[in-house]
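Commentary on secondary and tertiary structure
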Amino acid sequence: MRAKRILSVALGIVAAALMLPSYASAAYGWPIKPFNRQHPVRGQLNDPRMNGDSVDTSTSFTFHSGVDIATPDGTAVYAVAAGRVHYLDPTAIAVRRPHVPVVFEYWHVIPLVKDKSLVKRHALLGYVEMGRGHVHFAQKENNTYVNPLRRGGLTPYIDHTLPTIKSITYYDSAGVNHTLENAVVSGDVRIVVDAYDTPELKSNWPLAVVTPAWIGWQLIDASGRAIEHKHRDFSRKLYRESAADIFAPGTFKNAMKKGSFIVGNYNYWIGPERNTTRVKGGTYTLLVTVADVRDNETTKTIRFTVANTPAGATISSLRSPASH
C-alpha cells in the first residue's frame, strides 16, 4: 500500500503544480515569534468539530478549517504576508494578499490593526485572546481552505511521529460495536478505524491528538485477490464530504472540561455499510494504513470470516461504492 500511496501523493503534487498559479507554493514563516522556528500545533486541518461533547450528542459537526498554534494568552500575532486587513469578527482578522486570491486568517486575536488597513509582512496584528491558549491560523486559496502544514506552506515544519491505529471494529445490523479481528460476521456490517496522529512538539495541551492526513484500506478475499483499494485524503484542503459520513460514533475532540483535559477520540468509517449475505463465506484480510502530512505511516492488518454464503453470491459484490 505504501508504494501506491507514494505514487498517489506524487501524482497529486504534479497535478497541483500544473493547475495552481505560482503563489500556491509560496512558503511563509510562522505568525508568532520566532518566525523561522516551528511551534507546537494542537489542532490540524480536518480535525472533527462539533457543537456537543461528541458526535453522538451533537446536532451539527464539521471539519476544522485550519491549524491551532499553541501559545500563551497575550502572545503577539504577526502577518505572515503583506495584504489588506478585513475583520471577520471582533477577535478574527483576515489579511488578503494583493493581486492573488489568497487570504490568511488569524482567529482568537484581539486586533491592533484597523479594518481595511494595509499591512506589511511581519506587521503586528494583535494579541492572543485571554483564555484561548492558541491562535487559529488558516489559509484560503480561491475561497477554499488549504492545509497550512502542506509542503510549501508554514515553514519550517517537520514531523517524525508515527500515526496510531488504536482499533478496527465493526457495527452489526443491531448497531452494536464489535472487534473485527478474528470475528465471524454476518448480515449488515460497517467498519470503523479508531486512529490519530501525535503532534511533533508538545503543546499547552500535551496529550492532544490530531487527525491523520490520509486513511487508506485494502480488502483481500480468501484467494488473495484485492477486491477493494480506496483512501480518503485529508491532507490538502478542507474535506468536502459530509462529516456525518466520515466520523463514526464515539468521536469527540480534544477539550478542556472543568479544568481537566479530555483527549480526543477519532473514529472513521471505512466505506459504507456492507451486506455480507451477498457474498461467499470465507476469510478476508483488511489492511488499513494511516499517514500524516509528512508521509509517516502505520499499517494494521487483520483477518475476519464471513459466515453466510447465499446461493449465487459472488465475492465482487462485497465491493463498496467509490470513496474519496
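Quick caveat: nothing in here was measured; it's all calculated off a predicted structure.

1. A look at the environment of Tyr78
Its place among the elements puts Tyr78 in strand β5 (residues 76-78). Placed 45 residues apart in sequence, Tyr78 and Ala123 show a C-alpha to C-alpha distance of 5.4 Å. Setting aside its immediate chain neighbours within four residues, Tyr78 contacts Pro31, Ile32, Lys33, Phe35, Tyr106, His122, Ala123, Leu124 and Leu125.

2. Examining the layout of surface pockets
What the second largest pocket holds in volume is close to 410 Å³. Residue lining of the second largest pocket: 18 residues in total, with Arg49, Asp68, His108, His134 and Lys253 positioned closest to the centre.

3. Focus: the pattern of salt bridges
Counting across every chain of the model gives 10 salt bridges. Note that Arg49 and Asp68 form a salt bridge whose closest N and O atoms lie 3.6 Å from each other. Here Arg49 is found in strand β2 (residues 48-50), whereas its partner Asp68 is found in strand β4 (residues 67-70), with 19 residues between them in sequence. With a shortest N-O distance of 3.3 Å, Arg132 and Glu129 are connected by a salt bridge.

4. Observations regarding the environment of Asp47
On the secondary structure map, Asp47 appears in the loop between β1 (41-43) and β2. Considered as a pair, Asp47 and Val67 are 20 residues apart in the sequence and their alpha carbons are 9.2 Å apart. Non-local contacts of Asp47, meaning those with residues more than four positions away in its chain, are made with Thr62, Phe63, His64, Val210, Thr211, Phe247 and Tyr266. In terms of polar contacts, Asp47 uses its side chain to reach the backbone amide nitrogen of Thr211, at 2.8 Å.

5. Comments concerning the pairing of strand β14 (residues 164-171)
Within a regular beta strand, the side chains point alternately toward one face of the sheet and then the other, so they alternate between its two faces. Where β14 and strand β17 (residues 188-196) come together, 7 bridges link them in antiparallel fashion. What sits directly across from Thr169, in β17, is Val192. Here β14 runs beside strand β15 (residues 177-179); their pairing, made up of 3 bridges, is antiparallel. Residue pairing across strands places Tyr171 opposite Asn177, the latter belonging to β15. Taking the residues that link successive antiparallel strands as the turn, the β14-β15 hairpin has 5 residues, and the phi of Gly175 there is positive, at about 85°.

6. Describing the sheet that holds β5
Taking strand neighbours across the sheet as the criterion, the 3 strands line up as β5-β11-β9 in an open arrangement whose pairing is antiparallel. If you trace the sheet from one side to the other, it starts and ends with β5 and β9 (109-111), each paired once. Neighbour to neighbour, the strand axes of the sheet diverge by 40° on average, direction disregarded. Of the strand pairs in this sheet, β5 and strand β11 (residues 124-128) are connected by 3 bridges, and their pairing is antiparallel. Among the inter-strand pairings, Val77 is bridged to a residue of β11, identified as Gly126.

7. Here we look at the sheet that holds strand β16 (residues 184-185)
The 5 strands are arranged β16-β24-β23-β18-β19 in an open sheet whose pairing can be described as mixed. The open sheet has two free edges, formed respectively by β16 and β19 (226-233), since each of these has just one partner strand. Summarising the sheet, strand β23 (residues 282-291) and strand β24 (residues 297-306) pair through 10 bridges and their orientation is antiparallel. Following the sheet pairing, Thr289 is matched in β24 by Thr299.

8. Some details on the confidence of the model for the chain
Fine structural detail should not be taken from predicted coordinates in areas where pLDDT scores are low. Chain-level pLDDT for the chain is 90 on average; 87% of the residues reach the 70-or-more range. Every residue in residues 13-23 is under pLDDT 50, and counting partners more than four places away or in other chains gives 7 contacts. Scored below 50 in pLDDT, residues 310-317 makes 16 contacts in the model with residues more than four places away or belonging to other chains.

Thresholds, definitions, all that
- Residues numbered from 1 in each chain as written.
- Predicted model: local features only at pLDDT ≥ 70, side-chain atom pairs only at ≥ 80, totals over all residues.
- Heavy atoms only, no water.
- Helix = DSSP H or I, 4+ residues; strand = E, 2+ residues; numbered from the N terminus.
- Contact = heavy atoms within 4.5 Å.
- 1 Å grid on protein atoms, 1.4 Å probe; cavity = no way out; pocket = protein on both sides within 12 Å on 5 of 7 lines; lining within 4 Å.
- Points joined across faces, edges and corners; volume = space filled by probe spheres on them.
- Salt bridge = Lys/Arg side-chain N within 4 Å of Asp/Glu carboxyl O.
- Polar contact = N/O pair within 3.5 Å; in protein donor to acceptor, adjacent residues only side chain to side chain.
- Pairing = 2+ DSSP bridges.
- Axes fitted to C-alpha atoms, helices over the stretch in contact; angles between N-to-C directions.
- pLDDT = per-residue confidence, 0-100.

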